[in-house]
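Residue-level listing of the chains:
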Amino acid sequence: SIDLVFSKKKVEARKEWLKDYNPDAEIDYSQASIRYYDFVHKELIHFSNSDNVRSIPSICDGFKPGQRKILYGCFKRNLKDEVKVAQLVGYIAEHSAYHHGEQSLAQTIIGLAQNFVGSNNINLLLPNGQFGTRAAGGKDAASPRYIFTNLSKVTRALFIEHDDHLYKYLEDDGQPVEPEWYLPIIPMVLVNGAEGIGTGWSTNIPCYNPYQIVENLKAKLRGEEMKDLDPWFKGYDGIIEKSSKGGYIIKGKYHISETEDDTIEITELPIRKWTKDYKQFLDTMLNPEEGEPEIEDIKEYHANNRVHFVIKLKPGLLDKINRGEGIEKKFKLSTTLQTTNMVLFDHERKLKKYQTVQEIMEEFYEVRLKFYHKRKDYLISKLQRDIEILSNKKRFILSVISEELNIRNVKKKDLIQNLLKKGFVPMKRMTKVRSTKKVEKEEKEEETGEEEEEGMEVASSEFNYLLQMPMWSLTYEKVEALKEELAKKEAELAELKNTSVETMWIRD
């Protein structure tokens, strides 16, 4: 058992061990002694699984739990105006029961907002301030107390608000927290990529072009085949090409100066080779610990996301490099990228290894399409409930105006009976909204008000939605506005029923 968990030779066995994870396994601590076997299989396995949950994202939203908690906090706060990152950290820790160091939460927020080459293809938060640059791969970000962020406009277009009512929300010590996963309209795990090392498992997924992902999903919705995708990094000017050995080769860009002898200009580096690190590598060629220097001078002309080194070589060295290993190899201007370790938690929260990007797309497509059916049912039930409430309100106001219904100086009990006789629907008998959120706004209203009184079939609070309308509701303008709203909702419902889930997805 000890070998299984710690031996370098037992990697595959460890993967199988974690595949069969049982969250209910526990040790009986009332025993005088505990076997190593039991400790490993009933106690240590929980830590190892948690390690994977924190390190490996979900196929549904591409998030690890910390990132999901941040998005949940931003949605809950409706973060449209910018807020200091340090303040947002406190809000998220409080509302999503974050149990780890606040420094790591701040780093995760900064990571979600970064938009330099090699970070995110779509940053879900906005980087208002110094959130790091390409020079140091984001490590040069300012302190969380000096930088601000808020939700990017595109975020709510990817994570549709209606879906918030359909997720399965987790609980932490009785406090409702973030859902088990979000479900954006495109697989964000492919858009922004993923890296992580857990126990037994690790993952490495490159970034892909969101436009190509959208085209692939639209093709699938039309019943066509999806095309192969190649990695793509927003703003990257280098070359990404398939390797004959499998995977991809990522090359930077250089050219030999036409105006100056023995001079090379490097205008792009391989992805995630940061400018500062590369400068240190060039410095070792300029001032080597042993032997003669190969470089006479280095000049830098970088701007924003662009790299520009001008390197003056020793006379005659350029020809020697060209005859030998070549400039690309000598100056480390190419790296390889593999797609053989794409591991994710599936929608049932089980670890799964994916062989191709297509496999991830196919699984995401199936889960998301089923979720559109859920959304359609939710929206239909919500509209039906709204229509029921509006038509009852309209009939009630018209009955009061025409004096068919007298509400003045009448006993409460008699008024309730009269409303029931005339077919007005109590709130609890309205169409139920198909939502997983425990408290819908209407149900909250239902619970406020008085308790059921003696001899009454229905509590008087069930008709609060009618009887608590302001006197303004009896004016001509208000009645017309109500009729207009009712007609609008009925047209909306008819249109929704005739809209297929595929059309809903294409519109999104």
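Residues numbered from 1 in each chain as written. Predicted model: local features only at pLDDT ≥ 70, side-chain atom pairs only at ≥ 80, totals over all residues. Heavy atoms only, no water.

**Thoughts on the nonpolar core**
Phe159, Leu190, Ile213, Ile360, Phe396, Phe463 and Trp505 are the most contacted members of the largest nonpolar core, which totals 94 residues. Among residues more than four places away in sequence, those in contact with Leu190 are Ile205, Pro206, Cys207, Tyr208, Ile213, Val357, Ile360 and Met361. If you look at the next biggest cluster of nonpolar residues, it comprises 19 residues, including Leu282, Phe309, Leu318 and Ile327. (Core = buried A, V, L, I, M, F, W, Y, C linked by side-chain atoms within 4.5 Å. Buried < 20%, exposed > 50% of the residue type's maximum accessible area, 1.4 Å probe, protein only. Contact = heavy atoms within 4.5 Å.)

**Describing the pairing of strand E15 (residues 351-354)**
For strand E14 (residues 342-345) and E15, the ladder comprises 4 bridges, and the chain directions are antiparallel. Note on E15: the bridge partner recorded for Val343 is Lys353. Counted between consecutive antiparallel strands, the loop separating E14 from E15 contains 5 residues, among which Arg349 sits at a positive phi close to 65 degrees. (Pairing = 2+ DSSP bridges. Helix = DSSP H or I, 4+ residues; strand = E, 2+ residues; numbered from the N terminus.)

**So, the sheet that holds strand E8 (residues 248-251)**
Backbone-to-backbone hydrogen bonds pair the strands of a sheet. The strands run either parallel or antiparallel. Spatial strand order, E7-E8-E13: 3 strands in an open sheet with antiparallel pairing. Each having just a single partner strand, strand E7 (239-242) and strand E13 (334-337) make up the two edges of the open sheet. Each adjacent strand pair in this sheet contributes to an overall mean axis angle of 25 degrees, direction not counted. Here E8 pairs with E13 via 4 bridges, running antiparallel. (Axes fitted to C-alpha atoms, helices over the stretch in contact; angles between N-to-C directions.)

**Quick look at the packing of aromatic side chains**
The full count for this structure, using the stated rule, is 14 aromatic pairs. Measuring from ring centre to ring centre gives 5.8 Å for Phe116 and Trp274, while their planes differ by 80 degrees; the resulting arrangement is edge-to-face. One end of the pair, Phe116, is in the loop between helix H6 (102-113) and strand E2 (148-149); the other, Trp274, is in the loop between strand E10 (263-268) and helix H10 (275-286), with 158 residues separating them in the sequence. On the accessibility criterion, Phe116 (5% relative accessible area) is buried. Look at Trp274 and you get buried, because its relative accessible area is 15%. Centre to centre, the rings of Phe159 and Tyr182 are 6.0 Å apart; their planes meet at 90 degrees, and the pair counts as edge-to-face. Of this pair, Phe159 sits in the loop between helix H7 (155-158) and strand E3 (169-172) while Tyr182 is found in the loop between strand E4 (175-179) and helix H8 (188-191), placing the two residues 23 residues apart along the sequence. You can call Phe159 buried: its relative accessible area is 0%. (Phe/Tyr/Trp six-rings, centres within 6.5 Å; stacked < 30°, edge-to-face > 60°.)

**Describing helix H2 (residues 11-19)**
For H2, the complete set of buried residues consists of Arg14, Lys15, Trp17 and Leu18. Within H2, the buried residues cover an arc of 160 degrees as seen down the axis, which keeps them to one side. In this structure, the buried residues of H2 make contact with helix H1 (2-6) and helix H3 (36-55). (Arc of directions from axis to C-beta.)

**Let's talk about the packing of helix H9 (residues 210-221) against helix H13 (residues 357-401)**
Following both chains from N to C, one finds H9 and H13 inclined at 60 degrees, their axes separated by 11 Å at the closest point. Accordingly, the angle class assigned to the pair H9 and H13 is oblique. For H9 against H13, the interelement crossing comes out right-handed. Judged by residue contacts, Ile213, Asn216, Leu217, Lys220 and Leu221 of H9 engage Gln358, Met361, Glu362, Tyr365 and Leu369 from H13. Along the lines of polarity and charge, the residues of the contact of H9 with H13 split into 6 nonpolar, 2 polar and 2 charged. (Parallel < 35°, antiparallel > 145°, perpendicular 65-115°, else oblique. Left-handed = near helix turned anticlockwise from the far one by under 90°. Nonpolar A, V, L, I, M, F, W, Y, C, P; charged D, E, K, R; others polar.)

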